Amino acid sequence: VILPRHNSPLVLFVDEIDAVRSLPFSSDEFFSAIRETMNRRAEDPEFEKLTFCILGVAAPSSLLRDSRLTPFDLGARVLLGDFREVEMRHLGLGLSREKRIAEELISRVYYWTSGHPYLTQRLCKLLLENPEINSTAALDELGARHFFKAGSREEDDNLVFVRQSLLASTKRLRDRLELYRCVRSGEEVLVKSDDQLLHELEMTGVIRLADGRAVVRNRIYERVFGLEWTDRILCDL
């Protein structure tokens, strides 16, 4: 329907692809159909115009029920990094503060979020809603009231997502939490390309892989998902 009507390249975006894992039926045929459109390029030049962009928080192998299928070997993995501090400076223009104060606040936001897109924008939104906040100390108190109060892990959308991802019921739940505890404790956890458990932990969003080792992604996660919380969960397993 679409290809004959457009001469320019066409990209189909499929968002939140990780949702297919909770479907009551197999979605393998869906991915096989996408692969078939790529194979059709050899026979029909029209398909050269078509590209699929699949977005979500999932390892490609976890989306398939039949491990014999290989629909993703023609694709390229694109990892979206967090904001760099220099990129975040542009957000200061929207804080409705004097330039010097805005720069100090944005720098402090980066201190807490390490550029995490949602957490960064959430803190900036809190600053907009509280125009009296003009110091880093006041920003710290504001962030603590939102992220570190009792119940935050069950109220903030992002913290809920990370908590649920960390505690997702699998055979390796204890192993995942014990690995996270090692990272949170500051132990050196080296990255290996075939370490599926480490990459599974990375998919929860709570850690990042940097310079060949695993570290907690930002200071907010360090506080919210600290050792006390982790030990309590492990004791209950």
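Our structure is the block above this text.
Residues numbered from 1 in each chain as written. Predicted model: local features only at pLDDT ≥ 70, side-chain atom pairs only at ≥ 80, totals over all residues. Heavy atoms only, no water.

Engineer: When you look at the packing of aromatic side chains in this model, what are you seeing that I'm missing?
Structural biologist: Two aromatic rings, taken as a pair, are described by how far apart their centres are and by the angle between their planes. Applying the stated criterion across every chain yields a total of five aromatic pairs. Here the aromatic rings of tyrosine 111 and tryptophan 112 are separated by 5.3 Å at their centres, their planes lie at 85°, and the arrangement is edge-to-face. Residues tyrosine 221 and phenylalanine 225 carry aromatic rings whose centres are separated by 6.0 Å and whose planes lie at 65° to one another, so their mutual orientation is edge-to-face. Phenylalanine 225 carries the same exposure label as tyrosine 221, and that label is buried. (Phe/Tyr/Trp six-rings, centres within 6.5 Å; stacked < 30°, edge-to-face > 60°. Buried < 20%, exposed > 50% of the residue type's maximum accessible area, 1.4 Å probe, protein only.)

Engineer: I would appreciate a short explanation of the pairing of strand β1 (residues 10–14) in the present structure.
Structural biologist: Working note: regular strand, side chains alternate between the two faces of the sheet. Here β1 runs beside strand β2 (residues 50–54); their pairing, made up of five bridges, is parallel. Opposite phenylalanine 13, over in β2, you have cysteine 53 as the bridge partner. At this point the chain moves from β1, through helix α1 (residues 28–39), to the parallel β2, and the crossover so formed is right-handed. (Pairing = 2+ DSSP bridges. Helix = DSSP H or I, 4+ residues; strand = E, 2+ residues; numbered from the N terminus. Right-handed = clockwise from strand over helix to strand, strands pointing away.)

Engineer: Looking at this structure, how should I read helix α11 (residues 227–236)?
Structural biologist: Owing to its 3.6 residues per turn, the α-helix aligns residues three or four sequence positions apart on the same side. Those residues of α11 that sit buried are Trp229, Thr230, Ile233 and Leu234. Looking straight down α11, one finds its buried side chains confined to an arc of 130°; they lie on one side. Away from its buried face, by an angle of more than 90 degrees, α11 presents the exposed residues Glu228, Cys235 and Asp236. Contact partners of the buried residues in α11: α6 (152–155), α7 (157–166), α8 (173–184) and α10 (219–224). (Arc of directions from axis to C-beta. Contact = heavy atoms within 4.5 Å.)

Engineer: Where do I start with helix α9 (residues 196–203) in this structure?
Structural biologist: Turning to α9, its buried residues are Leu197, Leu198 and Leu201. In an axial view of α9, the angular spread of the buried residues amounts to 100°, which keeps them on one side of the axis. Taken together, the buried residues of α9 touch α7, α8, β3 (207–210) and β4 (213–216). Put simply, aspartate 195 is the residue that caps the front of α9, since its side-chain oxygen is 3.3 Å from the backbone nitrogen of leucine 197. Remark: glycine 205 follows α9 within two positions and exhibits a positive phi of approximately 90°. (Polar contact = N/O pair within 3.5 Å; in protein donor to acceptor, adjacent residues only side chain to side chain.)

Engineer: Can you walk me through the nonpolar core in this structure?
Structural biologist: Within soluble globular proteins, side chains that are nonpolar generally end up buried alongside one another. Ranked by size, the top nonpolar core spans 41 residues in total, and within it Leu127, Leu139, Val206, Ile207, Tyr221 and Phe225 carry the most contacts. In terms of residues, this core owes the most to one element, helix α3 (residues 99–113), which gives six residues. In contact with leucine 127, not counting residues within four places along its chain, are Leu95, Arg97, Leu105, Val109, Ile133, Leu139 and Leu142. In this structure, Ile17, Phe31, Ala58 and Leu64 belong to the second largest nonpolar core, which totals six residues. (Core = buried A, V, L, I, M, F, W, Y, C linked by side-chain atoms within 4.5 Å.)

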